[in-house]
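# Descriptive analysis of the structure
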Amino acid sequence: MRTVVTKRSALILTGVLALAACGGPSTDAGTTTGASDAGGATATAERADPVEVGALTPRITLAHDGGVTTIDSADGAVLGSAELEGYLRLGPAGDGRHVMVAGSGGFSAFDTGLYEQAHGDHSHFYTVEPALTGLQVEASEPGHVVPHGDRTALFADGTGEITIFDPAGLAEGTLGDVVTVESDAPHHGVAVPLSDGGVLRTEGTADARTTVLVEDADGHEIARTDDCPGVHGEATAQPTDSGDVVTLGCENGPVVYRDGAFHKVPVTTDYQRSGNQKGSEASPIVLADNKVEAEPAGGTEHPTSIALIDTRTDTMKTVELGSTYWFRSIDRGENGEALVLTADGELNIIDPESGEMLHEVPVIGEWSEPEEWQTAGPMMAVADGTAFVVDPQAKKLHMVDIASGEIYRELDLPVIPHEIQVTTGTPSGEVHVAGAGSEDSHEGHDHAEGEHEDHASDAGGAEDSHEGHDHAEGEGH
């Protein structure tokens, strides 16, 4: 069932989220009793005026015990923080500026404070202190956050309700025309907004999940598969002429949604689970974990191979890495490169088409997956051709140029983070420069200006899309 929501009962603006801004004024967002002209509710806040700058530097937002903190990727300076209680998850809002914070009570929009405004053949760039916006979507057991195209979907596991909104409105304190979709029952699920206005979503219960279906913009079902036991993990790949391509992990091999239908990927083992996946609009190949033990010793499998799912042919091949990894240590480069940070401390940069290793980059020391998924462990995020690799126990962040495999900067972290999101001010994740006209300019890491720093080889070690956690199987969201 689908309804367009404009009532305050679905969108709550709250002023009780305490903000501790570093070097800037606090934000005091009040509640509202009305709806904006766009159909959502509007938040108001006292903020310092934006400052125009010549270029934007990516900002790194970290979730940690006690709240979230944003730092500058150029020098590690703390730009702002928000005090929040409980365990927090971070997800990309979809506009390149805001981050959705999943915590007690729902999803809160956090403004990382950088944005681009296009003016014909050129752009202007602005920064402002990071702050909670006061805009919150109430949700029982908030789970996956999935931006795709020009919309973002929020899934509430405790009710099965899906909230789909336009992230472009966040800068004005609104969610725009909000669509809600109700599942048949609460479950740990996921939804993907489709470019034609439809939605791909799961159905299930707290005990079992086997169904994935697609509904058009009017809520009519157009495709379904019930052959996806334990459905968990999703990714979008390079679209076809017919539209979006989405993969999902099951316990009997992945499934691909393409050209308006579901296609099962055959596997050679009785059990195969790719519950954590990373896709790229630049590649028809999806990177996924590769678990083949239905009942692993100790309750958690630690695979050493990854899966590359070809969405064109509905086939899958595996690549042996020789070292373990976990759900927070896989990602994709801007050209589709498959990235895996393994427990030997290396960042593996892989050609997704051939499965060949492009670079093996020693980044941090050896580490092991924490027994509890909520515990801080090595993790990674990607933006503008850079892999941001976090060693939380050492409180270090390493920046790796994906194309060359070169470590070009290292920062000290002010907190021990368990989640990371990187924003650039653009939805694409690229960094643009004033005076560059309509051409994209990559200025995230200019080695010619002496930014390269020596790598600390003795650094010790112990997850986009927002990944949820499957408590029954003991691995990451």
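Before any of the text, the structure's been laid out above.
## Remarks on the sheet that holds strand β36 (residues 396-401)
One key point about sheets: their strands pair by backbone hydrogen bonds, in either a parallel or an antiparallel sense. Sheet architecture is open: 4 strands sit in the order β34-β35-β36-β37, paired in antiparallel fashion. Of all the strands in the sheet, the pair left with one neighbour each is β34 (379-383) and β37 (406-412). Taken pair by pair, the neighbouring strands of this sheet meet at an average axis angle of 20 degrees, ignoring direction. Where β34 lies against strand β35 (residues 386-391), 5 bridges are found, and the strand directions are antiparallel. Opposite Val-382, over in β35, you have Ala-387 as the bridge partner.

## Structural notes on the side chain of Glu-346
Positionally, Glu-346 belongs in strand β32 (residues 346-350). Buried within the structure, Glu-346 lacks any salt-bridge partner; its nearest side chain of opposite charge belongs to Arg-332, at an N-O separation of 18 Å. Leaving out residues up to four positions away in the same chain, Glu-346 has contacts with Val-340, Leu-341, Glu-360, Val-361 and Pro-362.

## Focus: the pattern of salt bridges
Summed over the entire model, instances satisfying the criterion amount to 13 salt bridges. For the salt bridge of Arg-201 with Glu-203, the shortest nitrogen-to-oxygen distance reads 2.7 Å. Residues Arg-312 and Asp-310 are paired through a salt bridge, measuring 2.9 Å at the closest nitrogen-oxygen approach. Within the structure, one salt-bridge network assembled from shared partners comprises Arg-89, Arg-328 and Glu-419.

## Description of the packing of aromatic side chains
Overall, the coordinates contain 5 aromatic pairs when judged by the stated rule. Measuring from ring centre to ring centre gives 5.6 Å for Tyr-87 and Trp-373, while their planes differ by 85 degrees; the resulting arrangement is edge-to-face. Of this pair, Tyr-87 sits in the loop between β7 (78-83) and β8 (89-92) while Trp-373 sits in the loop between β33 (357-362) and β34, placing them 286 residues apart in sequence. When its relative accessible area of 10% is taken as the criterion, Trp-373 is described as buried. A ring pair is formed by Phe-327 and Trp-373, whose centres lie 6.4 Å apart and whose planes are at 65 degrees; its orientation type is edge-to-face. In this pair, Phe-327 is assigned in the loop between β29 (315-320) and β30 (330-332) and Trp-373 in the loop between β33 and β34, connecting sequence segments 46 residues apart. Counting every residue linked through ring pairs, the aromatic cluster contains Tyr-87, Trp-326, Phe-327 and Trp-373.

## Notes on the environment of Asp-412
Along the chain, Asp-412 turns up in strand β37. Accessibility expressed as a relative area gives 52% for Asp-412, which makes it exposed. In sequence terms Asp-412 and Lys-396 are 16 residues apart; their C-alpha atoms lie 4.8 Å from each other. Excluding residues within four positions of it along the chain, Asp-412 makes contact with Lys-395 and Lys-396. Side chain to side chain, Asp-412 and Lys-396 meet in a polar contact 2.4 Å long.

## Topic: the environment of Met-316
Take Met-316: it is sitting in strand β29. It is 9.9 Å that separates the C-alpha atoms of Met-316 and Ala-288, two residues lying 28 residues apart in sequence. Dropping the residues within four chain positions of it, Met-316 is found in contact with Pro-254, Val-265, Val-267, Gln-272, Asn-290, Ala-307, Leu-308 and Ile-309.

## Re unusual backbone geometry
In this model, Asp-259 sits at a positive phi of 55 degrees, which is unusual for a non-glycine residue. Mapped onto the secondary structure, Asp-259 falls in the loop between β24 (255-258) and β25 (261-264). The partly exposed category is assigned to Asp-259, whose relative accessible area is 43%. Positioned with a positive phi, Lys-395 is a non-glycine residue whose angle comes to about 55 degrees. Among the structural elements, Lys-395 can be located in the loop between β35 and β36. For Lys-395, a relative accessible area of 32% corresponds to the partly exposed category.

What counts and how
Residues numbered from 1 in each chain as written. Predicted model: local features only at pLDDT ≥ 70, side-chain atom pairs only at ≥ 80, totals over all residues. Heavy atoms only, no water. Pairing = 2+ DSSP bridges. Helix = DSSP H or I, 4+ residues; strand = E, 2+ residues; numbered from the N terminus. Axes fitted to C-alpha atoms, helices over the stretch in contact; angles between N-to-C directions. Buried < 20%, exposed > 50% of the residue type's maximum accessible area, 1.4 Å probe, protein only. Lys, Arg positive; Asp, Glu negative; His and termini not counted. Salt bridge = Lys/Arg side-chain N within 4 Å of Asp/Glu carboxyl O. Contact = heavy atoms within 4.5 Å. Phe/Tyr/Trp six-rings, centres within 6.5 Å; stacked < 30°, edge-to-face > 60°. Polar contact = N/O pair within 3.5 Å; in protein donor to acceptor, adjacent residues only side chain to side chain.

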